[in-house]
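Fold and geometry: a report
The lines below spell out each chain.
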Amino acid sequence: MAKKKKLKLPLLYKPVGFALGWSSGALAGLAFQKAWKAIRHEDDAPDALDRDRGWGEILVAAAVQGAIFAVVRSAVDRTGAKAIERSTGVWPTDDKGGRD
């Protein structure tokens, strides 16, 4: 019976994982906006296609945004997986590990 439960849980976790991923992306976007405003005292971070911004500024913004996104995504994914494990007794992914 436990083996059957382990096979079904990753499929059942997919919609939960999708919702968590979407919410973590939104949360990371807000965190980046606040961080950029604190770092540079500007409302808008540079975009790769901003003609008036230099390479350094664009690459620093991309690195900060990527780091914030990775941390928020990992924290949300881990929290969701631990909640599923607490409620079902089974880790929500197969034994191979996570999504990457």
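Let me begin by describing the structure that accompanies this report.

What counts and how
Residues numbered from 1 in each chain as written. Predicted model: local features only at pLDDT ≥ 70, side-chain atom pairs only at ≥ 80, totals over all residues. Heavy atoms only, no water. Helix = DSSP H or I, 4+ residues; strand = E, 2+ residues; numbered from the N terminus. Buried < 20%, exposed > 50% of the residue type's maximum accessible area, 1.4 Å probe, protein only. Contact = heavy atoms within 4.5 Å. Areas by Shrake-Rupley, 256 points an atom, 1.4 Å probe, with all protein chains shown as cover. Polar contact = N/O pair within 3.5 Å; in protein donor to acceptor, adjacent residues only side chain to side chain. Salt bridge = Lys/Arg side-chain N within 4 Å of Asp/Glu carboxyl O. Core = buried A, V, L, I, M, F, W, Y, C linked by side-chain atoms within 4.5 Å.

Concerning the overall build of the chain
- Along the backbone of the chain there are two helices and zero strands.
- Every one of the 100 residues in the chain was classed for burial, and the buried ones make up 19%.
- Restricting the contact set of the chain to residue pairs at least 6 apart, pairs at least 24 apart contribute 58%.
- Just so you have it, the chain exposes about 7,700 Å², and 62% of that area is on carbon and sulfur atoms.

Topic: the side chain of S24
- Inspection of the secondary structure puts S24 in helix α1 (residues 2-40).
- Its relative accessible area of 1% is what places S24 among the buried residues.
- Separated by 2.9 Å, the side chain of S24 and the backbone oxygen of G21 make a polar contact.

Description of the pattern of salt bridges
- Applying the stated rule across the entire model yields six salt bridges.
- Ionic pairing is found between D43 and K37, a salt bridge with its closest N-O pair at 2.9 Å.
- Relative accessible area serves as the criterion here: at 57%, D43 is assigned to the exposed category.
- Here K37 falls in the partly exposed class, since its relative accessible area comes to 45%.
- Residues participating in the shared-partner salt-bridge network are R40, E42, R53 and E57.

A word on the nonpolar core
- Listed in full, the seven residues of the largest apolar core are A28, F32, W36, A61, I68, V72 and V76.
- Ranked by residue count, the leading element in this core is helix α2 (residues 55-88), at four residues.
- When sequence neighbours within four positions are dropped, the list of residues in contact with A28 reads I68, F69 and V72.

So, the side chain of E57
- Among the secondary structure elements, E57 is positioned in helix α2.
- Classification of E57 as buried rests on a relative accessible area of 18%.
- A polar contact is formed between the side chain of E57 and the side chain of R53, at a distance of 2.9 Å.
- Sequence-distant contacts of E57, that is, excluding residues within four places in its chain, are made with W36, R40, E42 and P46.

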